[in-house]
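# Inside the fold
The residues making up each chain are set out below.
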Protein chains: 2
Amino acid sequence: MKVIDKINKALEDDRCFWSFEYFPPKTQQGVMNLYDRIERMCSLGPLFIDVTWRWGGKSSDLTLELCANSQTVYGVEANMHMTCTNTNFSLIQGALEKAKEQGVQNILALRGDLPDGTVEFDPSVGEFKYATDLVRYIRSTYGDYFCIAVAGYPEGCLCPEDVDRDIEFLKAKQDAGADLVVTQLFYDVDNFIAWVAKCRQAGITMPILPGIMPIQNYGGFKRMTDLCRVKVPQEIWDRLEPIKDDDQAVKDYGIGVAVEMIQKMREAGVRGFHFYTINLERSTRMVLERLGFVPTVNEVRPLPWSPSLSEKRAGENVRPIFWRNHARSYIKRTELWDEFPNGRWGDARSPAYGELVHAVQVRLAPAQAERKWGTPESVDDIKALFVRYCRGKLDSLPWSDTPLQPESRAIEDCLAQINARGFLTINSQPACNGAPSTDKVHGWGPPDGFVYKKAYLEFFVAPATMQGLLARLDAEPSVTYHAVSKSGDLLTNCAEDSPNAVTWGVFPGKEILQPTIVERVSFLAWKDEAFDFWNAWSRVYARDSPAAALLRGICDDWYLVNVVENNFQKPSESIFGLFDGLGQPLSNGVPAPQIEQQQQQQKQ
Amino acid sequence: MKVIDKINKALEDDRCFWSFEYFPPKTQQGVMNLYDRIERMCSLGPLFIDVTWRWGGKSSDLTLELCANSQTVYGVEANMHMTCTNTNFSLIQGALEKAKEQGVQNILALRGDLPDGTVEFDPSVGEFKYATDLVRYIRSTYGDYFCIAVAGYPEGCLCPEDVDRDIEFLKAKQDAGADLVVTQLFYDVDNFIAWVAKCRQAGITMPILPGIMPIQNYGGFKRMTDLCRVKVPQEIWDRLEPIKDDDQAVKDYGIGVAVEMIQKMREAGVRGFHFYTINLERSTRMVLERLGFVPTVNEVRPLPWSPSLSEKRAGENVRPIFWRNHARSYIKRTELWDEFPNGRWGDARSPAYGELVHAVQVRLAPAQAERKWGTPESVDDIKALFVRYCRGKLDSLPWSDTPLQPESRAIEDCLAQINARGFLTINSQPACNGAPSTDKVHGWGPPDGFVYKKAYLEFFVAPATMQGLLARLDAEPSVTYHAVSKSGDLLTNCAEDSPNAVTWGVFPGKEILQPTIVERVSFLAWKDEAFDFWNAWSRVYARDSPAAALLRGICDDWYLVNVVENNFQKPSESIFGLFDGLGQPLSNGVPAPQIEQQQQQQKQ
């Protein structure tokens, strides 16, 4: 979908919106982390994301890959930057073709930096002199296919004296076919507002999104504003001076500055805001939260999970619940499917899951992981970690890069209790018996509908506890379960492998939508991944360390179990009754592992 | 499915069961009526039905057709009689092949009557001398495909002296491959019980179903018992003598006799009972009701409608609601489909409904129809008829051969009120918000599930009322509707033609089942039938009569409307609020049409 259409819709509704800009990281680990961050930040409801561009090496391929995957996996529109000088025409042609092939429909057309040391355009190095040339080429070659964004410079591209000339250039970009403007970052809001007025006078009718970069630290801020020749009001320097060595204080101040800027622009009628995130999460999140933007986001979630924007997966609306926190892996493993389930999982769908191409990885560098999760010496240490995760005191575990889903807050106590007894949960959902589709926590789908969930738990459990658990599970006619060891020893009370719909919605004039299911074949495909996280975690520690041996031992011996309470009319707590008195309580005498308190801000 | 498997399952569960025997009627009208009767009597839960056999003419074809259609349309197993003497081998071969082709899997193998006037078998007329020969042929040719039933004669086939020899014959039938025994009708229970004991002593292990024929009238009873050489206890003759000219009294007495016989046999351990219905309904129904069998029938209804037993339609579990009272027509019109919807109606299914082969017909002879429905002189007369139907005072209308469904009893008052105002309902269901799947009224599907319905109404309405109605319907966001005139003028608030699930069920370990839907294409296919019933009704009267003109006029001018209240959490009554103050109330001054009170028993 074209970003300009989403913007026009938001403006028509007089609704504020925002977008996030990222750059391609240099390392594979950095790329993995960025994906996780993009996924988490999607919960902040950006209208689209930007990914910056650099010719040479594999950088531009990575930009395209980040854009395409964000659309396919996280369902967020991507706006791909592209520069046009200092490169040759055939590379630009090729890159645009690839973008179209991958379903990327939004390009931010930029001139790009001139080669180091030069200040004048050298026609021998490329056919395009200005961004306008690229805009014109894209529009004339691809017609309406691409939405074309261009850069605006409220303080002049190179110097303040250029402002009026730059407005002419911007008008020329519009005439060449550009759809919208994203501005250079700035901190002088009055100047921006005056500049927008000038643009309008000059006949520029495109939406203009101001570029906001929350100040992250003193040194970086100084370098960046110098580089971009951005005017910083003296008051900001004065306020930064006494706190410049306190990163946290700088960040907090930066959040306040961004909030004030946006409030002022909002009063002046601005509705869209573009965040230069520098691949960081917290400041942007805090700004949006303080503005009260995030909780007021009430866009209709079409499904309980983010539908892919990939054309091939259009219409896909059923997925197994197992990969809920691992959308990328699910999409990768199913990318060769000819068709995707639509309306129901269906008998016809024989899920030939692709093999895992990359081994499962812990998303943290070993030192970070060790700081966050400590060095477990016993099962009790591990249980304590899971309990802390359930309690919101730990923001990730190898299986979950994000904190517990908000819907599961209601069963937090129950989850913490069974984790303390050795049922290590990696996925769960509470029951929901016909909440309105507009419900803040459970709702999804069009209005005037009702949504339902069967309570669901997925956990690892020690073999010693299995027999007692199985007796409980088998005694309850409304409960279905699958349990499997790493070696594939499957125990289940489901006679046939029919999919069990665990989330569904009833809407006016529609068949029942059933977007998440539990199914044996899918569970068996997922279990290899799920067990492999134990090994991945063990690699944080020395191979012959007791911690590594402990984690590998759990991987080899324990069972992975999923349990569905099919009676969704019972309260969510009832599924936890199955575990009463089972397992080993956490020994109080054992000290909690020595783990440095990780606060969210320390991730950045 | 083989009847013997169902019997063995019932015996294993120590559960009583029953079966109904019919004979092929002589006229086309009689055949139509028998189909309706078989359909109605299926609600009494027979384990299977029998259809008798006669060689010559089209009689045997009709037997096969009745068996195959009962299986396909009403989902009841059919046991097809077949005689083997007085015919030639190739005819038997052909009939068995046809039975197999049509999915009939149960044969009652009989010798059959010898040609009139002969008492000895004539080998020139056929290859088979005894039923045993036919049993042996079927078993050796078809292996396990057919369940083979045979006749037993507790009072001897020809005379009481033959009893012991006949038991030897019966044992020979078992040895030749027979699976079960259905006995000749009898009234001497003690003799039957003694005879069964003798059979067991002789090594006969097959289940034995006693044949029960409730006494229907004196003359027929006398003729039948003479013909079959059946001994009638003197007490029965004594009790019949004083009432022999009062048919109703005889029937009532006959019901009592059958009930006592069955109770006695039940105490002796008999579990299965075969009713010779003589194509009549009431006595059998009354016997089962008095025995308390019918209300205790708690076999799982797999779906809210009777699934077809046709192999081709195996797995079919979604149907449009429009043909709910017209399963035969739906099956006929879809018999050329390559596949049938399973799990959901699906976008892929493009319902290419076949044309109606036979014109729509009123199921009553003109004189009967006129007695039942009178001669309407005005719309008020017609409204009054619909009201009486809703009130249970009329047992059929051209659109419905059966009384109002039990589930609709809860909305009877509301239905009667809107019918009185000119919304002539031909189909309806109340809302149901998660009743247990074992609910006596709404339940279907496996246990531990929950079933749901959206309130649904389908009715004819005068064009003058349409505008007011449309304003109401369009104002209600949770209501969807389709309205169409005979000429095809469609009015709807459904933007796209997506199916609307109006009945669904949630079960342990399963995807959501959604067995009935409302959909535009199906509605447009159905509307031709629905309108044509007005013309069929008009043909009851002289072509140029005012009544015929009135009915034809309604057919040409009125609209057929379906309305779904998508908010199934509202009480069923709320859908009727849409009609408040609309339409024309029934004028009280107009006398109700002069219609003879039809009681159900008078249909027989």
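Reading the values: the criteria
Residues numbered from 1 in each chain as written. Chains lettered and ligands numbered in written order. Predicted model: local features only at pLDDT ≥ 70, side-chain atom pairs only at ≥ 80, totals over all residues. Heavy atoms only, no water. Helix = DSSP H or I, 4+ residues; strand = E, 2+ residues; numbered from the N terminus. Rg over C-alpha atoms; globule rule 2.2 N^0.38 Å. Buried < 20%, exposed > 50% of the residue type's maximum accessible area, 1.4 Å probe, protein only. Contact = heavy atoms within 4.5 Å. Areas by Shrake-Rupley, 256 points an atom, 1.4 Å probe, with all protein chains shown as cover. Lys, Arg positive; Asp, Glu negative; His and termini not counted. Charge placed at Lys NZ, Arg CZ, Asp CG, Glu CD. Phe/Tyr/Trp six-rings, centres within 6.5 Å; stacked < 30°, edge-to-face > 60°. Lys NZ or Arg CZ within 6 Å of the ring centre and 35° of its normal. Buried area = accessible area lost by both parts, 1.4 Å probe. Polar contact = N/O pair within 3.5 Å; in protein donor to acceptor, adjacent residues only side chain to side chain. Nonpolar A, V, L, I, M, F, W, Y, C, P; charged D, E, K, R; others polar. Axes fitted to C-alpha atoms, helices over the stretch in contact; angles between N-to-C directions. Parallel < 35°, antiparallel > 145°, perpendicular 65-115°, else oblique. Least-squares fit on C-alpha atoms with pLDDT ≥ 70 in both. Pairing = 2+ DSSP bridges. Core = buried A, V, L, I, M, F, W, Y, C linked by side-chain atoms within 4.5 Å. Expected span 1.5 Å × (residues − 1). Arc of directions from axis to C-beta. Domains from an automatic or database assignment. Salt bridge = Lys/Arg side-chain N within 4 Å of Asp/Glu carboxyl O.

## Description of the overall build of chain A
- Looking only at helices and strands, chain A features 19 helices and 18 strands.
- Taken over C-alpha atoms, the radius of gyration comes to 26 Å for chain A, in line with the 25 Å a tight globule of 604 residues would show.
- Judged by the C-alpha coordinates and their principal axes, chain A covers about 80 × 60 × 45 Å.
- Here chain A, with 604 residues, has 58% of them falling under the buried criterion.
- Within chain A, residue pairs in contact and separated by at least 24 positions form 74% of the contacts whose partners lie at least 6 positions apart.
- Put simply, chain A shows about 25,000 Å² of open surface, and 50% of that area lies on carbon and sulfur atoms.
- Considering chain A, the positive charge centre built from 65 side chains and the negative charge centre built from 79 side chains are found 1 Å apart.

## A word on the packing of aromatic side chains
- Throughout the structure, instances matching the rule amount to 75 aromatic pairs over all chains.
- With a centroid separation of 6.2 Å and an interplanar angle of 35°, the aromatic rings of A:Phe192 and A:Trp195 are classed as tilted. Of this pair, A:Phe192 and A:Trp195 both sit in helix α7 (residues 189–201), 3 residues apart, which is roughly one turn of the helix. Assigned by exposure class, A:Phe192 and A:Trp195 land together as buried.
- A centroid spacing of 5.8 Å and a plane angle of 45° characterise the contact between B:Phe386 and B:Trp399, whose relative ring orientation is tilted. With B:Phe386 in helix α15 (residues 379–390) and B:Trp399 in the loop between α15 and α16 (412–420), this pair connects stretches of sequence that are 13 residues apart.
- What makes B:Phe386 buried here is its relative accessible area of 1%.
- Ring pairing ties together the aromatic residues A:Trp373, A:Phe386, A:Trp399, A:Phe460, A:Phe531, A:Phe533, A:Trp534 and A:Trp537, which thus form one cluster.
- A cation over a ring is seen here: A:Lys100 above A:Tyr145, with NZ or CZ 5.1 Å from the ring centre.

## Here we look at the interface of chain A and chain B
- With 33 residues of chain A at the contact, the number on the chain B side is 33 residues.
- At the boundary of chain A with chain B, total buried surface from both sides reaches about 2,700 Å², with 48% on carbon and sulfur atoms.
- Seen at the junction of chain A and chain B, the total is 14 residue pairs in polar contact (both at pLDDT 80 or more).
- Of the residues belonging to the side of chain A that touches chain B, the class tally is 13 nonpolar, 13 polar and 7 charged.

## Details of the packing of α15(B) against α16(B)
Residue and element names in this part refer to chain B.
- In the contact formed by α15 and α16, the axes pass within 8 Å of each other and the chain directions differ by 175°. Compared by their axis directions, α15 and α16 come out roughly antiparallel. Between α15 and α16, the contacting residues are Lys383, Phe386, Val387 and Cys390 on the first element and Glu412, Leu415, Ala416, Asn419 and Ala420 on the second.
- Split by residue class, the contact of α15 with α16 holds 6 nonpolar, 1 polar and 2 charged.

## Remarks on the relation of the copies chain A and chain B
- For the pair chain A and chain B, the superposition axis carries a translation of 0.3 Å, the fit reaches an RMSD of 0.4 Å, and the rotation angle comes to 178°. Read as a symmetry element, the transformation amounts to a two-fold axis.
- Take the interface residues of chain A: 100% of them recur as interface residues in chain B, which is what a same-surface contact looks like.

## What to know about the sheet that holds strand β14 (residues 479–485) of chain A
Residues and elements named next belong to chain A.
- The strand order β10-β13-β18-β14-β15 describes an open sheet built from 5 strands, whose pairing is antiparallel. Of all strands in the sheet, those with a lone pairing partner are β10 (424–429) and β15 (490–492), marking the two edges. If you compare each strand with its neighbour and ignore which way they point, the axes differ by 10° on average.
- On top of the sheet, helix α16 (residues 412–420) reaches β10 and β13 (455–461); it is set at about 155° to β10, its chief contact.
- Helix α18 (residues 520–538) contacts β10, β13, β14, β15 and β18 (559–565) of the sheet and is inclined by roughly 50° relative to β14.

## Considerations on the nonpolar core
- Of all hydrophobic cores here, the largest spans 197 residues; its most connected members are A:Met82, A:Tyr187, A:Met265, A:Trp373, A:Phe460, A:Trp534 and A:Trp537.
- Once you skip the residues sitting within four places of it in the chain, A:Met82 turns out to touch A:Trp53, A:Trp55, A:Ile92, A:Ala95, A:Leu96, A:Ile107, A:Leu108, A:Ala109, A:Leu110 and A:Leu134.
- The next biggest cluster of nonpolar side chains, apart from the first, holds 184 residues, and it includes B:Leu110, B:Met265, B:Phe340 and B:Phe423.

## Quick notes on helix α4 (residues 89–101) of chain B
Residue and element names in this part refer to chain B.
- Over its 13 residues, α4 extends 18 Å from the first C-alpha to the last, a length consistent with the 18 Å expected when each residue adds 1.5 Å.
- Here α4 has its buried residues at Ile92, Ala95, Leu96 and Ala99. Summarising the axial view, the buried residues of α4 lie within an arc of 95°, below the 170-degree limit, and thus occupy one face.
- Phi turns positive one or two residues past the end of α4, at Gly103, with a value near 80°.

## Side note on the domain arrangement of chain A
Residues and elements named next belong to chain A.
- When cut into domains, chain A gives domain 1 (3–295) and domain 2 (319–603).
- On a C-alpha basis, the centres of domain 1 and domain 2 stand 38 Å from each other.
- Carbon and sulfur atoms make up 49% of the surface buried where domain 1 meets domain 2, a total of about 1,300 Å² over both sides.
- If you sort the residues of domain 1 by the area they bury against domain 2, Met32, Arg40 and Val73 come out on top, with a joint share of 35%.
- Taken together, the connections running from domain 1 to domain 2 amount to 1 salt bridge.
- Two residues, Asp36 and Arg328, come together in a salt bridge whose shortest N-O distance is 2.9 Å.
- At the junction of domain 1 and domain 2, the tally comes to 3 residue pairs in polar contact (both at pLDDT 80 or more).

## Focus: helix α11 (residues 282–290) of chain B
- Listed in full, the buried residues belonging to α11(B) are B:Arg282, B:Ser283, B:Thr284, B:Arg285, B:Val287 and B:Leu288.
- At the C-terminal side of α11(B), B:Gly292 shows a positive phi close to 75°.

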